[in-house]
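# Structural description and commentary
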Amino acid sequence: MATPVVTKTAWKLQEIVAHASNVSSLVLGKASGRLLATGGDDCRVNLWSINKPNCIMSLTGHTSPVESVRLNTPEELIVAGSQSGSIRVWDLEAAKILRTLMGHKANICSLDFHPYGEFVASGSQDTNIKLWDIRRKGCVFRYRAVRCLRFSPDGKWLASAADDHTVKLWDLTAGKMMSEFPGHTGPVNVVEFHPNEYLLASGSSDRTIRFWDLEKFQVVSCIEGEPGPVRSVLFNPDGCCLYSGCQDSLRVYGWEPERCFDVVLVNWGKVADLAICNDQLIGVAFSQSNVSSYVVDLTRVTRTGTVARDPVQDHRPLAQPLPNPSAPLRRIYERPSTTCSKPQRVKQNSESERRSPSSEDDRDERESRAEIQNAEDYNEIFQPKNSISRTPPRRSEPFPAPPEDDAATAKEAAKPSPAMDVQFPVPNLEVLPRPPVVASTPAPKAEPAIIPATRNEPIGLKASDFLPAVKIPQQAELVDEDAMSQIRKGHDTMCVVLTSRHKNLDTVRAVWTMGDIKTSVDSAVAINDLSVVVDLLNIVNQKASLWKLDLCTTVLPQIEKLLQSKYESYVQTGCTSLKLILQRFLPLITDMLAAPPSVGVDISREERLHKCRLCYKQLKSISGLVKSKSGLSGRHGSTFRELHLLMASLD
């Protein structure tokens, strides 16, 4: 009798290079779970079919990196917001631009389609929330403060998450805020409505998920102990549980009372979006220009009943089994009745508008294009919706699960790795000690030219580097002492580096507490460690009033070094400091240098003039570097172009 094949509960489906530069945003189509849209620093929006290698369609027209994308419920329209604040809506069936919406003054951080109407909500870092009527190209309402937006299932409310640790609920009919939910102790990253009941979930950087009753406007429960900031949550379609995409794991929660039903280990890093189709949960994550998709078989995941033991935090006691209530505990959303004629009328209006563009259409809207790169997949996904089919639509099949590894490997894989939950500190060090390479491992890959500020693991530290790459059958297993000896190699060197940096920061802090900012910066520069300078500038940059002209003379040479660093975080800090200096002191410097000589002796003016000349010389030296980097693509290129414009008066 054949042994049944054991398949995996969670697995990696594919990895694609989605853009020519870094991926900055992505979203899954929630209706099909098969359509993926990605936005990149190359100013494009690309559409993909999950588990297929080729791009279906590429949408152009944005002139700055695409920061947020969203598909409407039928997956016929897509909206994308850029770093400059512009918003574009495309009709995917017609493969044409539908609207360009202008009005925000900063990055678009969140977008959402109204579930039943032709409306789009947008949230920006300019702290404004705007509700747009895309049929008339106009802004209907304006609110304030946002990081994430979601419409309620009945389309009557809008929930917003903000950096001020609050969740707000807006009444779209009355055009005002209904309620504000305090309680989180960190920025709120995501909000999600229950599909049926008057219940709202919010996830925060404080590592908690809170559930809010939308009838009584009070907290229902709070789940604590998340392994990291909560960025992605999704209710099961029937509303029985909530999924939370955590660092390298999927957690399944109930809320009355709060409990964890199951924890599934998934090696997806920081998952960006979740969708459910055919009893499978699809998760997507991105790093630099790559996008990876993962699948979790929900038929093998506990979604109700007994509370699960966390394989990572196994010290928590098990709770008693809890019954799953058969009836909802609160009010149900009332969906508006829909007819065939209304969507058809709106569709006809959209078609007529596309055939006869109005005089107020922008030039950049006419230049926006939808480039179909895979006609076969495009026709399969979008074209059938334009015609009436006499047969039921073909339902997508679930992704086949790969077989589980051999029993020994599977057993080991089920165990949490000792290094899995150890979050190594990632200091801003110019030189990081490299771990020793075991003789049987291949030579390590060269470090990238630019080390990103956000990454899933510290540069130069990988658990696989400490273990044999090939297991020899006759070789005896390592005892605990030998394994720990291998893992600790290089640890002492790292401790010396961190101890030295801590000592240097203590020295700077001692001077800082005496209130002498200039001397503390001088001491940081004298230490000759850029990581200490970066740490100090990150504090000074938060309060512009701390900047003085004599401070600029000390900091500008360090900024020039930071802008040439291979560390992205160093470049970001240098750009921020340079922008503050240009905005606050460049007019003073140019005015002082252009002013006629004073009559008589003015010591203070002579000192100020000397500092201005020194700053001018340093800024001229930096301007060449800024000009050479202003041609870069993506976020850094945009920052350098802004700095180049600010420095134009130097010429």
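Note that the structure is a prediction, hence the values are computed from the model and not measured.

## With respect to the sheet that holds strand S9 (residues 96–101)
Pairing is antiparallel across the open sheet formed by four strands, whose spatial order is S6-S7-S8-S9. Pairing within the sheet leaves two strands with one partner each, and these edge strands are strand S6 (66–71) and S9. Strand after strand, the sheet turns through a mean of 20° between neighbouring axes, direction not considered. The sheet contact formed by S6 and strand S7 (residues 77–82) spans five bridges and is antiparallel. Residue pairing in the sheet places Val 69 in a bridge with Ala 80 of S7.

## Some words on the packing of helix H6 (residues 491–512) against helix H8 (residues 530–540)
Viewed as axis vectors pointing N to C, H6 and H8 meet at an angle of 40°, and their least axial separation amounts to 10 Å. Taken together, the axes of H6 and H8 lie oblique to each other. In terms of crossing hand, the pair formed by H6 and H8 is right-handed. Residues Arg 501, Asn 504, Leu 505, Val 508 and Trp 512 of H6 touch H8, and the partners they reach there are Ser 531, Val 532, Asp 535, Leu 536, Ile 539 and Val 540. Its residues placed into classes, the contact of H6 with H8 shows seven nonpolar, two polar and two charged.

## So, the pairing of strand S10 (residues 108–113)
Looking down a regular strand, the side chains alternate between one sheet face and the other. Most of S10 sits out of view: five of its six residues are buried. Counting the residues that bridge the hairpin from S10 to strand S11 (residues 119–124) gives five residues.

## Concerning empty space enclosed by the protein
Left-over empty space is what a probe sized like a water molecule reveals as it rolls over the atoms. Inspection of the entire model under this criterion finds two cavities of 30 Å³ or more. In this model, the largest cavity occupies a volume close to 50 Å³. Residue lining of the largest cavity: Val 521, Ala 524, Val 525, Val 533, Leu 536, Leu 537, Val 555 and Gln 558, and that is the complete set. Counted by class, the lining of the largest cavity contains seven nonpolar, one polar and no charged residues.

## Things to note about the nonpolar core
A general trend in soluble globular proteins is that nonpolar side chains are found buried together. Formed by 43 residues in total, the largest nonpolar core has its most connected members in Trp 547, Leu 563, Leu 578 and Leu 619. Those elements that provide at least two residues to this core are helix H7 (517–526), H8, helix H9 (549–563), helix H10 (568–594), helix H11 (603–629) and helix H12 (634–646). In terms of residue count, the dominant contributor to this core is H10 (eleven residues). Excluding anything up to four places from it in sequence, Leu 578 contacts Leu 556, Ile 559, Leu 563, Leu 619, Ile 622, Val 626, Leu 643 and Met 647. Listed in part, the 29 residues of the second largest apolar core include Ala 161, Phe 193, Phe 235 and Tyr 333.

## Focus on the pattern of salt bridges
Tallying each qualifying case throughout the model produces nine salt bridges. A salt bridge links Arg 150 to Glu 192, with the shortest nitrogen-to-oxygen separation between them at 3.5 Å. A residue pair is termed long-range when its members are at least 10 positions apart, and Arg 150 in strand S14 (residues 148–151) and Glu 192 in strand S18 (residues 188–193) qualify at 42 residues. Look at Arg 150 and you get buried, because its relative accessible area is 13%.

## A look at the sheet that holds strand S22 (residues 233–235)
Judged by pairing direction, the sheet is antiparallel, and its four strands sit side by side in the order S22-S23-S24-S25 without closing on themselves. Since the sheet does not close on itself, it has two edges, and those belong to S22 and strand S25 (258–265), each with one partner. When the angles between neighbouring strand axes are averaged without regard to direction, this sheet yields 25°. Sheet topology note: the strand S23 (residues 242–246)/strand S24 (residues 249–255) ladder contains five bridges and is antiparallel.

## Overview of H9
Taking 1.5 Å as the rise per residue, H9 with 15 residues should run 21 Å; its terminal C-alpha atoms sit 21 Å apart, in good agreement. Of all bends in H9, the biggest is about 35°, found at Val 555, and the proline Pro 557 comes one to four residues later. Within H9, eleven of the 15 residues are buried, which leaves it mostly tucked inside the rest of the structure. Those residues of H9 not exposed but buried are Leu 549, Leu 551, Cys 552, Thr 553, Thr 554, Val 555, Leu 556, Gln 558, Ile 559, Leu 562 and Leu 563.

## Some points on the side chain of Ser 21
Of note, Ser 21 is situated in the loop between strand S1 (10–17) and strand S2 (23–28). Only 2.9 Å separates the side chain of Ser 21 from the backbone nitrogen of Asp 42, close enough to count as a polar contact. The residues contacting Ser 21, other than those within four sequence positions of it, are Asp 41, Asp 42, Gln 288, Ser 289 and Ser 633.

## Observations regarding the environment of Phe 640
Counting through the fold element by element, Phe 640 comes out in helix H12. On the basis of relative accessibility, which here comes to 1%, the residue Phe 640 falls in the buried class. Taking C-alpha positions, Phe 640 is 7.4 Å from Lys 627, a pair spaced 13 residues apart along the chain. Apart from the residues within four sequence positions on either side, Phe 640 is in contact with Leu 563, Val 571, Cys 575, Val 626, Lys 629 and Ser 630.

## Some remarks on the confidence of the model for the chain
Put simply, the chain has an average pLDDT of 77, and 75% of its residues get 70 or more. Segment residues 471–475 is flagged for pLDDT under 50; beyond a separation of four residues in sequence, or across chains, it makes one contact in the model.

## Notes on the environment of Gln 83
Following the sequence through the fold, Gln 83 ends up in the loop between S7 and strand S8 (87–91). Overall, Gln 83 belongs to the buried group, its relative accessible area being 13%.

## Thoughts on the pairing of strand S21 (residues 218–223)
Bridge count between strand S20 (residues 209–213) and S21: five bridges; the pairing is antiparallel. What sits directly across from Arg 210, in S21, is Cys 222. Taking the residues that link successive antiparallel strands as the turn, the S20-S21 hairpin has four residues, and the phi of Phe 217 there is positive, at about 55°.

Reading the values: rules and limits
- Residues numbered from 1 in each chain as written.
- Predicted model: local features only at pLDDT ≥ 70, side-chain atom pairs only at ≥ 80, totals over all residues.
- Heavy atoms only, no water.
- Pairing = 2+ DSSP bridges.
- Helix = DSSP H or I, 4+ residues; strand = E, 2+ residues; numbered from the N terminus.
- Axes fitted to C-alpha atoms, helices over the stretch in contact; angles between N-to-C directions.
- Parallel < 35°, antiparallel > 145°, perpendicular 65-115°, else oblique.
- Left-handed = near helix turned anticlockwise from the far one by under 90°.
- Contact = heavy atoms within 4.5 Å.
- Nonpolar A, V, L, I, M, F, W, Y, C, P; charged D, E, K, R; others polar.
- Buried < 20%, exposed > 50% of the residue type's maximum accessible area, 1.4 Å probe, protein only.
- 1 Å grid on protein atoms, 1.4 Å probe; cavity = no way out; pocket = protein on both sides within 12 Å on 5 of 7 lines; lining within 4 Å.
- Points joined across faces, edges and corners; volume = space filled by probe spheres on them.
- Core = buried A, V, L, I, M, F, W, Y, C linked by side-chain atoms within 4.5 Å.
- Salt bridge = Lys/Arg side-chain N within 4 Å of Asp/Glu carboxyl O.
- Expected span 1.5 Å × (residues − 1).
- Bend = angle between axes of the 7 residues up to and from the residue.
- Polar contact = N/O pair within 3.5 Å; in protein donor to acceptor, adjacent residues only side chain to side chain.
- pLDDT = per-residue confidence, 0-100.

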